[in-house]
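Residues per chain, in single letters:
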Amino acid sequence: MEKQLSGKLPRIEVVDALRGFAVMAILLVHNLEHFIFPVYPTDQPGWLAILNDGVFNTTFSLFAGKAYAIFALLFGFTFYIQSANQQRKGKDFGYRFLWRLVLLAVFATLNAAFFPAGDVLLLFVVVGVVLFLVRKWSDCAILVTAILFLLQPVEWYHYIVSLFDSSHTLPDLGVGAMYDEVAAYTKEGNFGEFIWRNITLGQKASLYWALGAGRFWQTAGLFLMGLYIGRKQLFVTSENNTRFWVKALIISAIAFAPLFQLKELIMASDSNIIQQTAGTAFDMWQKFAFTVVLVASFVLLYQKAGFQKFVSNLRFYGKMSLTNYISQSIAGAIIYFPFGLYLAPYCGYTLSLLIGFVFFLLQVQFCKWWLKKHKQGPLESIWHKWTWMGADRNRSGKG
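Report on the accompanying structure.

What counts and what doesn't
Residues numbered from 1 in each chain as written. Predicted model: local features only at pLDDT ≥ 70, side-chain atom pairs only at ≥ 80, totals over all residues. Heavy atoms only, no water. Helix = DSSP H or I, 4+ residues; strand = E, 2+ residues; numbered from the N terminus. Contact = heavy atoms within 4.5 Å. Core = buried A, V, L, I, M, F, W, Y, C linked by side-chain atoms within 4.5 Å. Buried < 20%, exposed > 50% of the residue type's maximum accessible area, 1.4 Å probe, protein only. Axes fitted to C-alpha atoms, helices over the stretch in contact; angles between N-to-C directions. Parallel < 35°, antiparallel > 145°, perpendicular 65-115°, else oblique. Left-handed = near helix turned anticlockwise from the far one by under 90°. Patch = residues over 30% accessible without salt bridge, like charges linked within 9 Å, V, L, I, M, F, W, Y side chains within 5 Å. Areas by Shrake-Rupley, 256 points an atom, 1.4 Å probe, with all protein chains shown as cover. Salt bridge = Lys/Arg side-chain N within 4 Å of Asp/Glu carboxyl O. Phe/Tyr/Trp six-rings, centres within 6.5 Å; stacked < 30°, edge-to-face > 60°. Lys NZ or Arg CZ within 6 Å of the ring centre and 35° of its normal.

Position of Ser321 among the secondary structure elements: in helix H17 (residues 321-336). For Ser321, the contacting residues outside a window of four places in its chain are Arg19, Val23, Phe71 and Glu380.

The structure is reproduced here in structure tokens:
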């Protein structure tokens, strides 16, 4: 028993592959968006316009708002792994995790320097504090809190208030004006201003957008769901877990269609307050339902040898998710923005998707080459070493 308690939890392959899938999907979506630089060809033949529309609608329907959600879910799961490894040694990982979030803010700043709309990693830093606060709670309390967060309580509060006060409006955070300013300095092509304004105004715009779009509460809920999944060992292959993921797939697949239709109906309303409150809540719910469809399908398919072989490269990609995520932004800025190659005006959605996929394949090859000689990716290694700064080697537990 003592040996079991002092050992390290085994790495779960499906989690690496699923994380790799999420980062790949984020890359493809960001390429279609030209990394939040909406400049596209003005003239294109009719057949290409139809193809571009199909590529855009398909990619966004599958991945937009879902890839980030998988990434967030696995962030909470990773916290569980790190915390459990330390708990087995009689240690509390909580305060070391807070320091780890500070370090993540540094990486978020690096990424945001090349990503003009701000960065989701900073959102993870801010919301990640909730994991510290609940780390000693019971499984039931964590699950209930996760559900409450996912219900989008702030949106429903504003909606209910608006029913009794027709003059009630949501606070104007000025996100639209900030993004107009971001677009303006990006088009100027001044590299120094681009970097500085991205890590100041861009990050502010990103956080304010996330606040207005319901991402704060959803991210907190996803973090706690990931923690709960870890505690219940739901990513470990077993008959019970297979039944769980089958049920999750069926329920979420059935729920998705009505949630999506209700979201569409609500968004067609003439009332801005209804769109921004109930509309936002239903949008988050339908995206969450489809996220569960993707996760459950991936976990179930990963039990098949053929699928494991087909997605084997995603395991390498997922092990270096931080390195891949940040290098995507740097490469995207160089490819599409005025200070770089400025290919944005020449790349429609189809060509942008192909560029993203080619870059993904190049990243995979780099990951496989790097991991032959190292246990972690370059940025992952730095994050790990800095996380355990001041701790002896036995205490770190290679978390």
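This next bit is on the nonpolar core. If you look at the biggest cluster of nonpolar residues, it comprises 119 residues, and the most contacted ones within it are Phe124, Val130, Leu131, Phe235, Trp245 and Phe298. Sequence-distant contacts of Phe124, defined by excluding residues within four places in its chain, comprise Tyr68, Phe71, Ala72, Phe75, Leu101, Leu104, Thr219 and Phe223. Within the second largest apolar cluster, 5 residues are counted, among which are Ile266, Ala278, Phe282 and Ala289.

On to the packing of helix H6 (residues 120-127) against helix H12 (residues 215-231). H12 packs onto H6 with a crossing angle of 70 degrees between their chain directions and a minimal axis gap of 10 Å. Overall, the two elements H6 and H12 adopt an arrangement that is roughly perpendicular. Helix-helix and strand crossings are classified by hand; for H6 and H12 the assignment is right-handed. Residues Leu123, Phe124, Val126 and Val127 of H6 pack against Arg215, Phe216, Thr219, Ala220 and Phe223 of H12.

Judged by side-chain polarity, Trp99, Val102, Val106, Ile382, Trp386 and Met389 come together as a nonpolar surface patch covering roughly 530 Å² of accessible area. Looking at the nonpolar patch, the elements that each hand over two or more residues are helix H5 (94-112) and helix H19 (378-387). Exposure remark for Val102: the relative accessible area of 46% places this residue in the partly exposed category.

In this structure, Ile36 is a non-glycine residue whose phi angle is positive, near 60 degrees. Among the secondary structure elements, Ile36 is positioned in the loop between helix H2 (13-32) and helix H3 (46-63). Even without a glycine there, the phi angle at Gln152 is positive, about 60 degrees. Here Gln152 lies in the loop between helix H8 (139-150) and helix H9 (153-164). On the basis of relative accessibility, which here comes to 0%, the residue Gln152 falls in the buried class.

Moving on to the packing of aromatic side chains. This model, assessed by the stated rule, comprises 44 aromatic pairs. Taking 5.0 Å as the distance between ring centres and 50 degrees as the angle between the ring planes, the aromatic pair formed by Phe194 and Phe339 counts as tilted. Note that Phe194 is positioned in helix H11 (residues 191-212) and Phe339 in the loop between H17 and helix H18 (349-371), a separation of 145 residues in sequence. Ring centres 5.2 Å apart and planes at 55 degrees place the aromatic pair Phe256 and Phe290 in the tilted group. Of this pair, Phe256 sits in helix H13 (residues 239-267) while Phe290 sits in helix H14 (residues 272-301); the two residues are 34 residues apart in sequence, bridging distant segments of the chain. Residue Phe290 is classed as buried on the basis of its relative accessible area, which comes to 16%. Through a chain of ring-to-ring contacts, three or more aromatic side chains come together here, namely Phe71, Phe75, Phe79, Phe93, Phe97, Phe124, Phe223, Tyr325 and Trp388. A cation sits over an aromatic face here: Arg135 above Tyr95, 5.4 Å from the ring centre. Note that Arg135 overlies the ring of Phe132, its terminal NZ or CZ placed 4.1 Å from the centroid.

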